[in-house]
Structure formats: C-alpha cells, structure tokens
Amino acid sequence: MRHFLKIGGLTILLGITLVACKKENAHQILEETKRGVITQKAMVVSAREEASKIGVAIMQQGGNAFDAMMATEMALAVCYPFAGNLGGGGFLVYRLADGTKGSLDYREKAPIAATKDMYLDANGNVIPGKSTLGAMAVGVPGTVAGIFEAHEKFGNLDVKTILQPVIELAQKGFVVTSDQAIQFNSLDSLFTAVNGQTILYNKTVKTGDTLKNMALSNTLKRIVINGKREFYEGETADSLIAFLQRKGGIITHEDLKRYEPVWRDPITFQYKDYGVTSMAPPSSGGITLAQIMGMLQHFDLKEFDHNSLKYIQVLVEAERRAYADRNYYLGDPDFVEIPSNYLLSDVYLLDRISDFSFESATSSESVQKGNIQIYESDETTHYSIVDPFGNAIAVTTTLNGAYGSKLFSSELGFFLNNEMDDFSSKPGEPNMFGLIGAEANSIMPEKRMLSSMTPTIVEKDGALFMTLGTPGGSTIITSVLQTILNVIEFDMTMQEAVNAPRFHHQWLPDEIRLESDKFNDKLKANLEVLGYKLSEEPNLILGSVNGVLILENGSLEGGSDQRRGDKAVGF
C-alpha cells in the first residue's frame, strides 16, 4: 500500500552557513539561528555523508523512506563498518503519511545449537572472550531480512535501482576519516588474531585513503539478483556458513533459513500534549523511555531550567527507577512474559517516583528490582529519514561491539556481529561491557537478545513532529529522552537539542555519567553535596543523536551529531 502527501519547495541551511543546493530551482535562506540543515521535501540524517546522500538520491528518483532505508543501511555497511552492517541486526519504527504507526524487529537470534551455559567452563565460570570475539560470539544476522521485509511491504522502487549506487560506492571506494584510520590501526592486531590473517581494514590504511571493497560489491550484486534468499539460502549463505564453521562457529544453514524478522506493535504513549512511538521488546528502549517520561510528567521541568540542579535530579531519579525495572523484567517477548501494562500504568509510575526528594539522592541499593548492572556497547548507529510523501522512519542498527566479533569474511566483504554477548552468559556475571544479566535475558535457541536501541517518532497534535535515535549502548535511552525534552520543554531547534550537553544514570553503577567538560564546577559540587556520585571521563561521548524536526511551516530540520561527525542531507 502506498501513502502520499506532497510537499513542495526546496531550501537547505547548515547552522547559519549557506549550503548550495544542486537542483536548479533551489533558493537559499539565511537565518540567524542555530538550526541544522533545512529542506522542504525530504531528509536523511546518518553517520556518514555518503550514506545520507545515497538515501536522498533514492528519494529524488521517486523512492520513499523504506527504499531509502535499504539504500542508507547498505551504504553504511560500505563506508561505516564500525557499526553499519550486513552481519548484524536492528530495529525500525515508522509512521506513514496517514498516521499509521508500526515497528519491525530484525534483531539477531541465538543459533539453534545455542545453550544457556555455552560460555561457561566446567566449573561454571564465564570463559573470557568466548562471547565477544570470533565465531562463537555471532548471532544469526537479521539486517538483510529486515531491509527486504520493510521494502516488500512499503517500498516503491526496485531493488536494483536502490542498491546500484551502494554497489558503486563499494567499487569506487570511500574516503577514510582520521577516526577510522585510528580505529583500524589500534585494532589491527586484534583483527589479525581473530581472523588469522590481515584483513581489508588494517594499519596500512591511512587518513584520506580511498578504500574499496570489491568483495562486498560482489555480495550486493548477488543480493540484487536473488533478493533476501541470496543471503539466507544462496551462494552467500554457503560461503558464510563455511566460513563460520571453519572458525569454530555453530550457526548452520538451518539457522539462516529459519530466520525471520517480526512486525511488532510499538510502544506508544503520551507525554503531555505529545504522542511518542518507540521500539518494543526485545528492545528495552520504548518501555524504559515511557517509564521515565511517565514519571517526569508530574514535574514542571521548564520551571527548573535546562540542565539545572533540580532538572538533573528529577531526570536521574526517574532514570534510576526505570533502569532497575528494565534490567529485571525485560527480554525477548517470544520467550518471557513482560508485564508491560503494569510497568507503564500511571498508578505504578506515580508510586515509583513518590519517594524521591530534592533534599538528597536516592540510593540505588534501596531501589528494586534487580541485582544487576548494565553497561552496554555504544558501537551502534542510527539514521532518521523523512520522505517527500510524508512517511517517517527511525532505524537503529548494530554489530554490538566495534566491528562486532572482529570476524571479517574477506570473501563476502563484511564483519559479523558479537550480539551473543548481549545475553546473560551467566545471571549475576558481567559481560564485556559490565552488563550483569537477569534470567529473562538468558540464552535460549532462536531467542533474541535484549537491547537498549530506541528508534523513536514523536507527534504533536496528531501530526508528525520528530524522528530520532542514537547509538550509545545503555546511554541510548537517556540521550533520546534528553533530546526530546530539549525540543518540547525548552524550545530548542533540532540541532541545538542534539548539541546540548548530556548526562546519564542507569541505576547501577550508582553514578551520574556527565559528558566531559560540559558542566560547571558549582553544579557538580552541589550534586555531590546531595549525595550523588559523578563520573566525568575525558572524551566521554553520550550517544550520537540523529534527528529530523518538522517546523511550523512544514519544512524539515535535520540535526546531525558532530560528536561523531554525522551528516544531514536533504532536498
């Protein structure tokens, strides 16, 4: 079914810097405001300019947001292998032009041969590295199935048209950034150790180099011809399974054949006059965001001023309580019963925050549920798209750790995830990021692992208002939260909301994580007097938010997070 809402005109603005539009009928606007890129018809905000441009180009050819999703996601696999992927998974939240909302779960799954104790030794202790590096860390990938599922249901263009510019990007290459060169150099020995050989991404790659990936180009060509089946049952599947089994993995052809993405009812809730739609379990993002915002509704946040002492206190205490629930109750809904209605009820949330006092910090030891600590990987990526027809999507995708399991198929041209580490290898024991898991997230065959990914869409008066999301592991939820509040409570532009300093609390460890060098000494001292422990590590990044805001005149503002050099492009 196609949904159309025509919007005309064309303007582009970056901050107060004029950007020339390539179309001849473009006109330029200069506003003395701190706005991001302004366009009239469509927008893509992603981690790389190349990916954003390809997504926009697809929409200029008549494609919609779901066509652009396939193009952007695959382009990120080419030029942002840190988290862009064919070998991982993700979540999609969408809002169609007619107001219909939904979500798609294409999270990875545990292999059929997986067992609850597969990462434990004979004494019941966690084997270091087994769930994080190499073939045993890999969950059954869902990305290719996800983009095809979304395209089959909603797409306009044919797959060849969509993927051709991505194939050309892989063939012609992308320019390596300084951050990428540093990553390749620092991880070179680990890449070599895991793979038993030098791979495409290694210490010889320098800043400014053009890096081509012919193997990935060939893989994408086969996918164009054979569709999703190529990845899960074709030559690519044969190569992938043979590679994983040579490396000691347990994923089989049957795992690939049986993988299916799942359309799920998203988490929807009201925050004052705004409607919020976010991802349901196995992502914890939607429920946890809804809990936090449900507790915040009882406070006049504007009265406290942005990032003031009382504002930080209120958010921290709501976050503390919501994360305690998140860590205990949530998992794959196909395997565990989640008391969503209870967790999101007004009565429960009011009671949850009722013991908070501005006079002192609440101790996390006194806040139940749980006995678990959360600290997830922040090596994820997010992109937001609004198309010319009025459809909007928010997509977060990941390999889990940076470059996933570090296992790279040179024959196929992509990294494999290490999502198995997001399960509870042993309840009460930490994973590579310090996450101590609960029974609800224990390993079972074909089960999806818990995530914090929070792709989110916001409505105002029933109309599309904002689409956003971010990487950041356990900080994803709080980064999305603060960005939304920055816009609707403090009247910030999309770019201002993205740029604003962020902070984070996740119940345990019992500390406020502050973005480094962004908060003044007096404020920090006042927090400590009230009993809050602070963590302010150098170069700490709390998320990398990408969002699109619908302005009052109907134009679009793209806010791209410069903490990681993300890019908004539109027309």
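Residues numbered from 1 in each chain as written. Predicted model: local features only at pLDDT ≥ 70, side-chain atom pairs only at ≥ 80, totals over all residues. Heavy atoms only, no water.

Put simply, the test is: UniProt positions are given in the numbering used here, feature names are shortened, and annotations may be inferred rather than shown by experiment.
The protein goes by Glutathione hydrolase proenzyme in an unreviewed UniProt entry, where it is assigned to Paucihalobacter ruber. Comment text from UniProt for the protein, heading Subunit (unreviewed entry), reads "This enzyme consists of two polypeptide chains, which are synthesized in precursor form from a single polypeptide."

### With respect to the overall build of the protein
Applied cut-off: Comment: elements are numbered from the N terminus, with helices defined as DSSP H or I runs of at least four residues and strands as E runs of at least two. Throughout this description, buried means an accessible area under 20% of the type-specific maximum (1.4 Å probe, protein chains only), exposed means over 50%, and partly exposed covers the range between. Note on definitions: a residue-residue contact is assigned when non-hydrogen atoms from the two residues lie within 4.5 Å.
Assigned secondary structure in the protein consists of 17 helices and 23 strands. Across the 571 residues in the protein, those meeting the buried criterion constitute 63%. Long-range contacts, defined as pairs at least 24 residues apart, comprise 73% of the intrachain contacts of the protein with a sequence gap of at least 6.

### Quick word on helix 15 (residues 476–488)
Every α-helix carries 3.6 residues per turn, so stepping three or four residues along brings you back to the same face. Convention followed: Here a helix's expected span is defined as the number of its residues, less one, multiplied by 1.5 Å.
With 13 residues, helix 15 should cover 18 Å at 1.5 Å per step; its first-to-last C-alpha distance of 19 Å lies within 8% of that length. The buried fraction of helix 15 amounts to 13 of the 13 residues, a majority that puts the element mostly inside the structure.

### With respect to unusual backbone geometry
Of note, the bond from Pro281 into Pro282 is cis; its omega dihedral lies within 30 degrees of zero at 20 degrees. If you trace the backbone, Pro282 turns up in the loop between strand 11 (274–278) and helix 10 (285–296). Note that the residue after Leu508, namely Pro509, is joined by a cis bond; omega there is -5 degrees. In this fold, Pro509 is placed in the loop between strand 18 (503–504) and strand 19 (512–514). With a phi angle near 55 degrees, Lys272 is a residue other than glycine that sits in the positive phi range. Examined against the element boundaries, Lys272 turns out to sit in the loop between strand 10 (267–271) and strand 11. Residue Asn307 is not a glycine yet carries a positive backbone phi of 55 degrees. Relative to the assigned elements, Asn307 resides in the loop between helix 11 (301–304) and helix 12 (309–329).

### What about the packing of helix 10 against helix 15?
Note the threshold: Note on method: axes are straight lines fitted to C-alpha atoms, helices fitted across the in-contact stretch only, with angles between N-to-C directions ranging 0 to 180 degrees. Oblique is the label for any angle not under 35 degrees, not over 145, and not in the 65 to 115 range, which are roughly parallel, roughly antiparallel and roughly perpendicular in turn. Two helices cross in a left-handed way if the nearer one is turned anticlockwise from the farther one by less than a right angle. They cross in a right-handed way if the turn is clockwise. We call Asp, Glu, Lys and Arg charged. Ala, Val, Leu, Ile, Met, Phe, Trp, Tyr, Cys and Pro are nonpolar, and the rest, Gly among them, are polar.
Taken N-terminus to C-terminus, the directions of helix 10 and helix 15 make an angle of 45 degrees; their axes are 10 Å apart at the nearest point. Put simply, helix 10 runs oblique to helix 15. Here helix 10 and helix 15 pass one another in a crossing that is right-handed. Within the contact between the two elements, helix 10 uses Gly285, Thr288, Leu289, Ile292, Met293 and Leu296 and helix 15 uses Ile477, Val480, Leu481, Ile484 and Leu485. For the contact of helix 10 with helix 15, a count of residues per class yields nine nonpolar, two polar and no charged.

### Focus on the side chain of His382
The cut-off we apply is this: Residues adjacent in sequence count toward polar contacts only when both atoms are side-chain atoms; beyond that, a polar contact is any pair of N or O atoms within 3.5 Å, and within protein one must be able to donate a hydrogen and the other to accept it.
Relative to the elements of secondary structure, His382 occurs in strand 12 (residues 380–386). Only 2.9 Å separates the side chain of His382 from the side chain of Ser384, close enough to count as a polar contact. In this structure the side chain of His382 is engaged in a polar contact, spanning 2.9 Å, whose partner is the backbone oxygen of Val395. Setting aside anything within four residues of it in sequence, one finds His382 in contact with Val45, Ser46, Ala47, Ala394, Val395, Thr396, Pro455, Leu468, Gly469, Thr470, Pro471 and Asn546.

### Quick word on the UniProt feature "active site" (unreviewed entry) in the protein
In this numbering, the UniProt entry assigns the feature "active site" (unreviewed entry) to Thr380. In this structure, Thr380 sits in strand 12. If we skip the residues at most four places from it in the chain, Thr380 touches Ala83, Thr396, Thr397, Thr398, Met453, Pro471 and Arg564. Reaching out from Thr380, the side chain makes a polar contact with the side chain of Thr398 at a distance of 3.1 Å.

### Focus: helix 1 (residues 49–60)
Its 12 residues place the ends of helix 1 16 Å apart at the C-alpha level, agreeing with the 16 Å of an ideal helix rising 1.5 Å per residue. For helix 1, every residue scored as buried is listed here: Ala51, Ser52, Ile54, Gly55, Val56, Ile58 and Met59. Looking one or two residues beyond helix 1, the residue adopting positive phi is Gly62, at roughly 105 degrees.

### Things to note about the sheet that holds strand 5 (residues 89–95)
Put simply, the rule reads: DSSP calls a pair of strands paired once it identifies at least 2 bridges connecting them.
Taken together, seven strands build an open sheet; the order of strands is 9-6-5-13-12-4-23 and the sheet is antiparallel. Because the sheet does not close on itself, it has two edges, and the strands there are strand 9 (262–264) and strand 23 (567–570). Strand-to-strand twist in this sheet, taken as the mean axis angle between neighbours without regard to direction, amounts to 15 degrees. Here strand 5 runs beside strand 13 (residues 392–398); their pairing, made up of seven bridges, is antiparallel.

### So, the UniProt feature "binding site: L-glutamate" (unreviewed entry) in the protein
UniProt records the feature "binding site: L-glutamate" (unreviewed entry) for Arg107, Thr398, Leu399, Asn400, Asp422, Ser451, Ser452 and Gly473 in the present numbering. Mapped onto the elements, Asn400 comes out in the loop between strand 13 and strand 14 (408–409). For Asn400, a relative accessible area of 3% gives the class buried. Mapped onto the secondary structure, Ser452 falls in the loop between strand 15 (414–415) and strand 16 (456–460). On the basis of relative accessibility, which here comes to 1%, the residue Ser452 falls in the buried class. A polar contact is formed between the side chain of Ser452 and the side chain of Arg326, at a distance of 3.0 Å.

### Concerning the pattern of salt bridges
What counts, and what does not: Note on definitions: salt bridges are taken to be side-chain nitrogens of Lys or Arg within 4 Å of carboxyl oxygens of Asp or Glu.
Enumeration over the complete set of coordinates arrives at 28 salt bridges. Salt-bridge contacts for Lys101 lead to Glu459; the nearest nitrogen and oxygen are separated by 3.3 Å. Of this pair, Lys101 sits in strand 6 (residues 101–106) while Glu459 sits in strand 16, and the two are 358 residues apart along the sequence. Taking relative accessible area as the criterion, Glu459 reaches 10% and is therefore assigned buried. Put simply, Lys524 and Glu536 hold a salt bridge, and the shortest N to O gap is 2.8 Å. In this pair, Lys524 sits in helix 17 (residues 521–529) while Glu536 sits in the loop between strand 20 (534–535) and strand 21 (546–550), placing the two residues 12 residues apart along the sequence. Residue classification places Glu536 among the partly exposed positions, given a relative accessible area of 29%.

### Re the packing of aromatic side chains
Each aromatic ring pair is specified by the distance between its two centres and by the angle formed by the two planes. Condition: Note on aromatic contacts: the rings of Phe and Tyr and the six-membered ring of Trp form a pair at centre separations within 6.5 Å, being stacked when their planes are under 30 degrees apart, edge-to-face when over 60 apart, and tilted otherwise. A positively charged side chain is recorded as over a ring if its NZ (Lys) or CZ (Arg) lies within 6 Å of the ring centre. The angle to the ring normal must also be within 35 degrees.
Overall, the coordinates contain 28 aromatic pairs when judged by the stated rule. When the centroid spacing of 5.2 Å and the interplanar angle of 45 degrees are considered together, the rings of Phe184 and Tyr201 count as tilted. With Phe184 in helix 5 (residues 178–195) and Tyr201 in the loop between helix 5 and strand 8 (210–211), this residue pair connects regions lying 17 residues apart in the sequence. Each of the two residues, Phe184 as well as Tyr201, counts as buried. For the ring pair Tyr201 and Phe408, a centre distance of 5.4 Å and an interplane angle of 85 degrees mean the geometry is edge-to-face. Here Tyr201, found in the loop between helix 5 and strand 8, pairs with Phe408, found in strand 14; they are 207 residues apart in sequence, far enough to count as distant. Judged by its relative accessible area of 3%, Phe408 is buried. Of the aromatic side chains, those joined through ring pairs into one cluster are Tyr80, Phe82, Phe184, Phe191, Tyr201, Tyr403, Phe408 and Phe415. Directly above the ring of Trp263 sits Lys153, whose terminal nitrogen or CZ lies 4.3 Å from the centroid. Taking NZ or CZ as reference, Lys310 lies 5.1 Å from the ring centre of Phe358, over its face.

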